[in-house]
Amino acid sequence: MSGGFARPRTVEEAVEALADEDALPIAGGVAVALLTNLGLVSGRRLVALGGIPGLRGVVRGADGATLELGAATPHARLAEDRTLIDELPVAAGMFGHIGNVRVRNWGTVGGNLALAEPAQDPPVLLSALGAEVVIERSGGSRQLPVAELGDGPMSTVLEPGELITRVVVPVLAADERSAYLKFLPVTADDYATVSAAVRLRVDGAGDDAVITQARIVCGAVGPVPVDCTVAAELLVGRAIGDEERYAGVADAVATAVSPKSDHRGDAGYKREMAGVMVRRAVDRALASGTVSGGAR
Ligand SMILES: Cc1cc2nc3c(=O)[nH]c(=O)nc-3n(C[C@H](O)[C@H](O)[C@H](O)COP(=O)(O)OP(=O)(O)OC[C@H]3O[C@@H](n4cnc5c(N)ncnc54)[C@H](O)[C@@H]3O)c2cc1C
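Keep in mind the model is a prediction, meaning the values are calculated, not measured.

Novice: Before we move on, can you summarise the overall build of the chain with the specific residues and values?
Specialist: When you go through the chain residue by residue, the secondary structure sums to 11 helices and 15 strands. The principal-axis extent of the C-alpha atoms belonging to the chain is close to 65 × 45 × 30 Å. Out of the 296 residues belonging to the chain, those deemed buried represent 46%.

Novice: Summarise the nonpolar core; cite the residues concerned and give the values.
Specialist: If you look at the biggest cluster of nonpolar residues, it comprises 84 residues, and the most contacted ones within it are Val198, Cys218, Ala274, Val278 and Ala281. Looking at this core, the element that brings in the most residues is helix 11 (residues 267-288), giving 7 residues. When near neighbours in sequence (up to four residues on either side) are disregarded, Ala274 contacts Val194, Ala196, Cys218, Val221, Val253, Ala254 and Val257.

Novice: I'd like to hear about the environment of Gly111, residue by residue, with values.
Specialist: Of note, Gly111 is situated in helix 7 (residues 109-115). Taking the number of C-beta atoms within 10 Å as the measure of exposure, Gly111 has 23 and is therefore buried. Placed 110 residues apart in sequence, Gly111 and Val221 show a C-alpha to C-alpha distance of 21 Å. The residues touching Gly111, leaving out its near neighbours within four places in the chain, are Ala27, Gly28, Val30 and Ala31.

Novice: Which residues make up the site of the ligand, and what values go with them?
Specialist: With respect to spatial proximity, 29 residues lie near the ligand, and among them Gly28, Gly99, Gly107, Gly110 and Gly111 are the closest. At 5 residues, the largest contribution of residues to the shell around the ligand is made by helix 7. Here the shell around the ligand is composed, by residue class, of 19 nonpolar, 9 polar and 1 charged. Looking at the shell around the ligand, you find at least three residues from each of domain 1 (5-48) and domain 2 (56-170).

Novice: Pulling in residues and values, what's your account of the sheet that holds strand 2 (residues 23-26)?
Specialist: An order of 1-3-2 is seen for the 3 strands of this open sheet, with the pairing classed as parallel. Two strands bound the open sheet, and with one partner strand each, they are strand 1 (5-6) and strand 2. Summarising the sheet, strand 1 and strand 3 (residues 45-48) pair through 2 bridges and their orientation is parallel. Residue pairing across strands places Ala6 opposite Val47, the latter belonging to strand 3.

Novice: Explain the domain arrangement of the chain to me, using residue names and the numbers behind them.
Specialist: Its domain assignment divides the chain into domain 1 (5-48), domain 2 (56-170) and domain 3 (176-295). Placing a centre on the C-alpha atoms of domain 1 and another on those of domain 3 gives a separation of 36 Å.

Novice: For helix 1 (residues 11-18), give the residues involved together with the corresponding values.
Specialist: By the burial criterion, the buried members of helix 1 are Val11, Ala14, Val15, Ala17 and Leu18. Viewed along the axis of helix 1, the buried residues span an arc of 160 degrees, placing them on a single side of the element. Packed against the buried residues of helix 1 are strand 1, strand 2, strand 3, strand 6 (132-137) and strand 10 (163-170).

Novice: Go over the sheet that holds strand 4 (residues 58-60) with me, naming the residues and quoting the values.
Specialist: Strands sit in the order 4-5-10-6-7 across an open sheet of 5 strands; the sheet is antiparallel. The open sheet has two edge strands, strand 4 and strand 7 (140-145), and neither has a second partner. Here the average twist between neighbouring strands, direction ignored, is 25 degrees. Bridge count for strand 6 against strand 10 is 5 bridges, and the pairing is antiparallel. When the bridges of strand 10 are listed, Glu136 appears paired with Leu163.

Novice: Any chance you could break down the pairing of strand 7 for me, citing the residues and the numbers?
Specialist: Regular strands have side chains that alternate between both faces of the sheet. With 0 of 6 residues buried, strand 7 is to be regarded as a mostly surface element. For strand 6 and strand 7, the ladder comprises 6 bridges, and the chain directions are antiparallel. Across the sheet, Glu132 pairs through a bridge with Pro145, a residue of strand 7. Linking strand 6 back to strand 7 in an antiparallel pair, the connection comprises 2 residues, with Gly139 at a positive phi of about 90 degrees.

Novice: How would you explain helix 10 (residues 249-256) if you had to name every residue and give the values?
Specialist: Buried within helix 10 we find Val249, Val253, Ala254 and Ala256. Across the axial projection of helix 10, the buried residues extend over an arc of 165 degrees, all falling on one side.

Novice: Give me the lowdown on unusual backbone geometry, citing residues and values where you can.
Specialist: Most peptide bonds are trans, and most residues other than glycine sit at a negative phi. Residue Ala116 is not a glycine yet carries a positive backbone phi of 60 degrees. Note that Ala116 resides in the loop between helix 7 and helix 8 (122-128).

Reading the values: the criteria
- Residues numbered from 1 in each chain as written.
- Predicted model: local features only at pLDDT ≥ 70, side-chain atom pairs only at ≥ 80, totals over all residues.
- Helix = DSSP H or I, 4+ residues; strand = E, 2+ residues; numbered from the N terminus.
- Buried ≥ 20, exposed ≤ 12 C-beta atoms within 10 Å, placed from the backbone.
- Core = buried A, V, L, I, M, F, W, Y, C linked by C-beta atoms within 7 Å.
- Contact = placed C-beta atoms within 7 Å.
- Near = placed C-beta within 6 Å.
- Nonpolar A, V, L, I, M, F, W, Y, C, P; charged D, E, K, R; others polar.
- Domains from an automatic or database assignment.
- Pairing = 2+ DSSP bridges.
- Arc of directions from axis to C-beta.
- Axes fitted to C-alpha atoms, helices over the stretch in contact; angles between N-to-C directions.

What follows is the structure in structure tokens.
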């Protein structure tokens, strides 16, 4: 059993420390503490990410079209970040509605994505927005879409020794709209029973405006966030004022998702609610630009 604790001050030092096969990154520690208490993590050399300035905060990408979120930035700090609020309020709003105050103050975006719990919020919205993670390891780095990071419940394609350093999120163009909603029938700080994120491109104004691109991702209704491509394609070409704009969408969502029955609801109920939440999210996005929040 190796154990121990490392406090790197730079990304390079962290990557070096993580090259040890017993090493495990710890960011907010929200999940690591729970897993340790359950006996599922033991004998690991913990590499603390909280003291690395380069892993915290929000900066504008060099291309001007993206924002880069430091992987060890707590959800609460992202929710209050002025740049994120101004440029991508849908994301700031989503981070501000994660769990409870304690979870938001300690939990980080990188820890959240690496944990890959199927009912979490950031993987769903960040997938819909086309965000990517930057991953560093000893001797190299790679970048991959958030949508490709999770490969099952509590499982990712991250290799041992790899560290998520940044999340690169495209900002919305002037003709794009986005919304994220989660259904919380139990308590306001619960994990989502069903969640839906949409990103739309709209051409024109008023009721005649037409949806020209759509992406729909649902959460908590499959082992990983579910990309509802068929449902999204049904929206493309529809005018905002078209009363038939949702024809077939709920059925297509219900076909795409694969929820499990649990204490939050049975599978059939969640399947139906996924279609309802998608419709509400599209309505919200079209009505008010970029919004995020809970729904009860
Ligand atoms: C009661 C409760 C309610 C919650 N509710 C919600 C909710 O409603 N919505 C939601 O989205 N989430 C929710 N969460 C999860 C929470 O948001 C945290 O994000 C999550 O627990 C992990 O974040 P962390 O920074 O504490 O990660 P840690 O516990 O530090 O790490 C988690 C895992 O990720 C790895 N890791 C951490 N950082 C990195 C990195 N940069 N690169 C690679 N691997 C890394 C660790 O090794 C570990 O395996 C909830 C958690 C709890 C306990």
